[in-house]
Each structure stands twice: as structure tokens, then as C-alpha cells.
Amino acid sequence: MTILDLRLQEIHDQLQKKELTVSQLIHASLERIKEVDDRLNAFLTVDAERALQRAEELDRHAAEKQKGLLFGLPVGIKDNISTKNVKTTCASRMLANYVPIFDATVIKKLFEAQAVMIGKMNMDEFAMGSSNENSAFGIVHNPWDAERVPGGSSGGPAAAVAAREVYFALASDTGGSIRIPAAYCGVVGLKPSYGLVSRFGLVAYASSLDQIGPITKNVEDAAYLLQVLAGYDPQDSTSVQTDIPDYVSALDGNIDGMTIGVPKEYMGDGISPEVKERVNEALQVLEKLGANIKEVSLPHTESSIAAYYIISSSEASSNLARFDGIRYGTRAEEADNLMDLYKKTRSQGFGPEVKRRIMLGTHSLSSGYYDAYYLKAQKARTLVKQDFDNIFAECDVVIGPTTTSTAFKIGEKTEDVTDMYQEDILTCPVNLAGLPAMSVPCGFDSQGLPVGMQIIGKAFDESTLLKVAHAFEQNTEHHQARPNL
Amino acid sequence: MSELTKEQVEHVAHLARLELSEEEKKAFAKDMASILEFAQQVNTLDDELSRKQVAPMSNVLSIHNVFREDEVHESIPVEEALKNAADHKHQQVKVPSILEDE
């Protein structure tokens, strides 16, 4: 137990009473990174100098009553979120030396809430991957077992939070990139409703699916972080004007009378028996707290994964067209003309998985194939959304596993590319439907690897989601387990 | 599904502005075939889609234009905007010749 394990209120009380300083918190984070990050590779950039400088500034204001909600807390940022004057690489050679000239809206909000940024975190290149094996700067290792993947694409943030290198982290989720690594690393990951959190400054992968959200060690921290992140931003045209409730006060433990839908497709043959056991045990806990469990169906789960890969790759092929070596990013040397420059730059800058998805997307959108792939996938998306609409007419939340198994071995799923795509089967339907969902730790398998329970909510009903997750957490001890490092 | 022909791979790579090595072309012919076979799972929905006349959805939010007032805001200084360009001259980004000599 370190000071980074203390509850947020406790930290703030101690800061107020001058029993603790922000500098101590930041040192604790930096020292932990020094101690364990050689083995994890969760960080791409550690900005110690500026973090310590900021800590000193904040310490001068520690006695003031009016403090930011995240005052003094060390936060890590996934490296696809733009940070002014701090390298933002997307774990790609294409942006290896790219230093943004602006902060993403979420970064501005974190700073306004007086959090301290520690550094930028490893990920699958351009957030494309489910295991963090696609980073151009090395794979991330799972803190529970270094031979296993941490999940992706936000492997760095999840591994770092599990290892207590930071208090919490910001990540992004397009088809499961927050929830899958949260499940594999035994931490809490929340993907907000599409439109709740500004995407301004998030390097776009698939714009109709991407959302930024928190990865934290418990549900309460997720509520605090979401409180700061949520809200309309005129700089994101898909940002929604909606009242932001008090997420923290929703954590009252009362789930009596709630109806929880459990999709039979999420508890079927493709799911590892141990994962199902843990989720069933979790459902029993919730039932004892007064919730009604009801079997429901998401009949398009199987086909949603293909729809997801067509849509996300199509949007990616368009979004990543901006990386042409002209205005920013790496530029290839010795090009004969502009076309040659584009091709050389992109071929040298992108890794194999990014190229594959750009190729799939380009093919899906190309003349003669558009109707067969992209248009059909968009229609499938409508069906996926309708499935959830039907369920939410009679359920408050939907619960199932986050992943089909626990963390797999590094290299185990890289032989056939589509094996890896199957990893997202339980998470990507949520992105297609724009819903909020989170993964919370619900125990371990016989090898000591964490299992994640996924809770899916109605659009913009993060309060209920957090309430259920919190009630579960308060009645179990899974979130207190820590990896031996 | 059989592998894609080398010409098909080259065509898509050109559209995507990628230059592939011979080795990559071989690997992509195989990978693309397996990914496209995977993607064809959406075809299992054909009957349902036509029976229910399902409309495509590009975004979960209702689509509407988002306008703002045409007010002057502070903009990025040119020097800042050029900071990440690989090459620039006279406050402009410098690129190789656009016209091909053929």
C-alpha cells in the first residue's frame, strides 16, 4: 500500500492538513515508474521535470479551500491525446517526433481540475489492436504476468494503473480499447456515451466510434474523473449539449429493484468457463443486493464484429489520409515527386496492422465494393442499436463478461490477423450503438489472472452504470488485489 | 476465399497511397483475403436487411449541421502552425514538385 492507494478524499484531507504534499505524490509516482516500468514498458514519455514543477506550484496553494476536483493527483495520458509541448506519438513511427501545439479539450479540463500530468502512455499504433503488440515502440507487459499481453489498445494506461505508477489514466475506446485492457489488468475502465466527452485533440481513428474515458483502480475514481471530462465542447461537432449530473453522489449503493439483463450470447460456448463462473458469481452478489436478473438476447453479436471492422477501418482509411508527410509527422527522404513522397512517407511511417486496416477500409469504400461492405455494415449497425433499444426498454443495465478469456500469451494471436479481431466481440457492439459501458474487476481465474465484468448502460446514463459498479465493488474485494511486481 | 491477385493488392495500395515491397504484397494478398472473408460475415444478414428494409446508420446521434456565429477568433500564428512541417520556406510548407514530367 502506497500513498497512491489512498482514496481521493483522504489524499485531499491530508493535503489540506499539510500531512502530505503534492510533490510527495508526484515523487511516489515517478519513483514507482523507475522501479517497475523497465518490466512493463507502459510509458513512452515521462515528463518528470514539468510534473515536479507543477507540483511545487500546487503545493503553494495546498491550504486554499477552493481546490480543483483532481488537485495534485498524478495522471497518465494515452499517447493519442494531444498535449501541448509534449510529444504525442500514437505509438507510431509516423509521429515519432511530433510535438502538438495545442492541448486536447480533456487535457485542458484535467489541468483546470489541477491534476498533474506525469507522461504519455504506450498503446497499439493509432489505437489499432487489442493486445498492445502493435506499438512501434515495444509491446507492453501485463503486470500480473509479464509473459502475457495487457490488452489493447490502451495497454499502457491499464498496466500503469494496475502497477500504481499513476493515480489514474486517460485512454480512448473505439471498439473496446479501454475495457479490454482494464479487464486484463484488473482495473476499472469506463467508455462514456458517444458525445459525452469531447474528442477535440484526440488523434482520430474511427470518428463515429471513438470516445475518451478513464482507467482507474476503483469505481469512485472513475466517477471523479468522468465528472471533470464530461460536457459540451463547441470544438467537437459531435459533442452533445446535455446536463451533467453529479456522478459521485450517484454512488449510493442502492440497486434494489433494478433489472439487469444478461445477454445469452455473452454467456455462450465461446466464453471461457472460468470467466463465466466469475461473472455468474458477480451476478449473485448483485441479486443479493436486490437486483433482478433477466436473460436477454443480442442476436447480432456475431455479425457485429465484421460490421465493426468494416466501419472502423473505412473511417480510419479516411482519417489517416492526413498523414502524408506535409504539415506534420515524419517525411520520407528522396522522393521524386509529390505522389512518391506520399507513398514513401506512409509506407515507412505506418506499421503492418495500420496498413492492413487502411487497405481494408480503402477497399470497402472503393468503387464497386461500397454497397457490399460499407453500406451493409452501416445497416448492420442499425440492427445492433435496435437490439440494445429493445433490451433497455425493460432493463436498467446489461451485464456480461468484458472479454471471452483472461489475458493471453504474447504472440499467441498474431499468426492469423482475424483471430485478434475476435477479441473485440463483446465490446465493439457497445461502440456501434454509442452506449456507455465499463469493465470492473470481478475476480481471478485459476492462473491468477484478472477477470473483467462488463456493465453496459443506456445512452447518457453513466450514473446508473457507476452506481451498479460501485455497489458491486463495495460488496466484494476484487479491486483491492494488486499484482506482485 | 482465395488470395487476392497481385494486381488487386497493388490497386488498393495505390488508392491508399501506400508503396508495398514484393514481400508485403505477398503477405497482404493472404491477409486481405482472410480479412475480407471475415468481413463477409455481414452477408449473413442479407435476408433480414432486405426484409426489414433497414436504413444505414453513420452515427448514433441525430445528424444535423453544427454552425457557429461567424466571429473572429484568435488563430494559430503561422510560425507555430509550421513548427511540425518537415520543410518550409517564406512562411509556407515546402513540398516536392507536384507535376510529373511525362
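Our subject is the structure that appears above.
A brief report on the enclosed structure follows. Predicted model, so just to flag it, every value in this text is computed and none were measured. (Residues numbered from 1 in each chain as written. Chains lettered and ligands numbered in written order. Predicted model: local features only at pLDDT ≥ 70, side-chain atom pairs only at ≥ 80, totals over all residues. Heavy atoms only, no water.)

**Some points on helix α10 (residues 338-349) of chain A**
Next, step 1: Here α10(A) contains 12 residues, and its C-alpha end-to-end distance of 16 Å stays within 8% of the 16 Å for a straight helix at 1.5 Å per residue.
Next, step 2: For α10(A), the elements touching its buried residues are α11 (352-365) of chain A together with α1 (6-15) of chain B.
Next, step 3: The opening residue of α10(A), the one whose side-chain oxygen lies 3.2 Å from the backbone nitrogen of Met339(A), is Asn337(A). (Helix = DSSP H or I, 4+ residues; strand = E, 2+ residues; numbered from the N terminus. Expected span 1.5 Å × (residues − 1). Contact = heavy atoms within 4.5 Å. Polar contact = N/O pair within 3.5 Å; in protein donor to acceptor, adjacent residues only side chain to side chain.)

**Topic: the interface of chain A and chain B**
Next, step 1: In this complex, chain A contributes 64 residues to the contact, which on the side of chain B involves 53 residues.
Next, step 2: A combined buried area of about 5200 Å² lies between chain A and chain B, and 68% of that area is made up of carbon and sulfur atoms.
Next, step 3: Joining chain A to chain B, the criterion identifies 3 salt bridges.
Next, step 4: Across the pair Lys355(A) and Glu24(B) runs a salt bridge whose closest N-O atoms are separated by 2.8 Å.
Next, step 5: In this structure, the connection of chain A to chain B is made through 19 residue pairs in polar contact (both at pLDDT 80 or more). (Buried area = accessible area lost by both parts, 1.4 Å probe. Salt bridge = Lys/Arg side-chain N within 4 Å of Asp/Glu carboxyl O.)

**What about the side chain of Glu353(A)?**
Residue and element names in this part refer to chain A.
Next, step 1: Relative to the helices and strands, Glu-353 resides in helix α11.
Next, step 2: Looking at Glu-353, its side chain comes within polar contact range of the side chain of Arg-356, at 2.9 Å.
Next, step 3: Of note is the side chain of Glu-353, whose polar atom sits 2.7 Å from the side chain of Arg-357.
Next, step 4: Setting aside its immediate chain neighbours within four residues, Glu-353 contacts Met-128, Asn-134, Val-417 and Tyr-421.

**Brief notes about the pairing of strand β11 (residues 450-457) of chain A**
Residues and elements named next belong to chain A.
Next, step 1: Counting buried positions over the 8 residues of β11 gives 8, a clear majority of the element.
Next, step 2: Residues Pro-450, Gly-452, Gln-454 and Ile-456 point to one face of β11 and Val-451, Met-453, Ile-455 and Gly-457 to the other, with burial holding for every one of them.
Next, step 3: By the bridge criterion, 5 bridges tie strand β9 (residues 397-401) to β11 in an arrangement that is antiparallel. Residue pairing in the sheet places Val-398 in a bridge with Ile-456 of β11.
Next, step 4: Bridge count between strand β10 (residues 437-444) and β11: 6 bridges; the pairing is antiparallel. By the bridge assignment for β11, Pro-441 is matched with Gly-452. (Buried < 20%, exposed > 50% of the residue type's maximum accessible area, 1.4 Å probe, protein only. Pairing = 2+ DSSP bridges.)

**Overview of unusual backbone geometry**
Next, step 1: The omega torsion across Gly152(A) and Ser153(A) is 5°, close enough to zero to call that bond cis.
Next, step 2: Locating Ser153(A) in the fold gives a position in the loop between β3 (116-121) and α5 (155-162).
Next, step 3: Of note in the backbone geometry, Ala127(A) takes a positive phi value of approximately 70° without being a glycine.
Next, step 4: Relative to the elements of secondary structure, Ala127(A) occurs in the loop between β3 and α5.
Next, step 5: On the accessibility criterion, Ala127(A) (4% relative accessible area) is buried.
Next, step 6: Despite not being glycine, Gln91(B) shows a phi value in the positive range, around 60°.

**Side note on helix α1 (residues 8-16) of chain A**
All names here are of chain A.
Next, step 1: Among the residues of α1, Leu-8, Ile-11, His-12 and Leu-15 are the ones counted as buried. The arc that holds the buried residues of α1, viewed along the axis, is 95°, so those residues lie on one side.
Next, step 2: Contact partners of the buried residues in α1: α2 (22-40) and α7 (219-229).
Next, step 3: Immediately downstream of α1, the backbone of Lys-18 shows phi near 60°, a positive value. (Arc of directions from axis to C-beta.)

**Points about the pattern of salt bridges**
Next, step 1: Throughout the structure, instances matching the rule amount to 27 salt bridges over all chains.
Next, step 2: Residue Asp5(A) pairs with Arg164(A) through a salt bridge whose shortest N-O separation is 2.6 Å. Of the two residues, Asp5(A) sits in the segment before α1 while Arg164(A) sits in the loop between α5 and β4 (168-173), which places them 159 residues apart along the sequence. In this structure, Asp5(A) and Arg164(A) share a single accessibility class: buried.
Next, step 3: Between Glu353(A) and Arg356(A) there is a salt bridge, with the nearest N and O atoms lying 2.9 Å from each other. In this pair, Glu353(A) and Arg356(A) are both assigned in helix α11, 3 residues apart and thus about one turn of the helix distant.
Next, step 4: Of the residues examined, Arg356(A) reaches a relative accessible area of 14% and is grouped as buried.
Next, step 5: Three or more residues joined by partner-sharing salt bridges are found here, namely Glu353(A), Arg356(A), Arg357(A) and Asp31(B).

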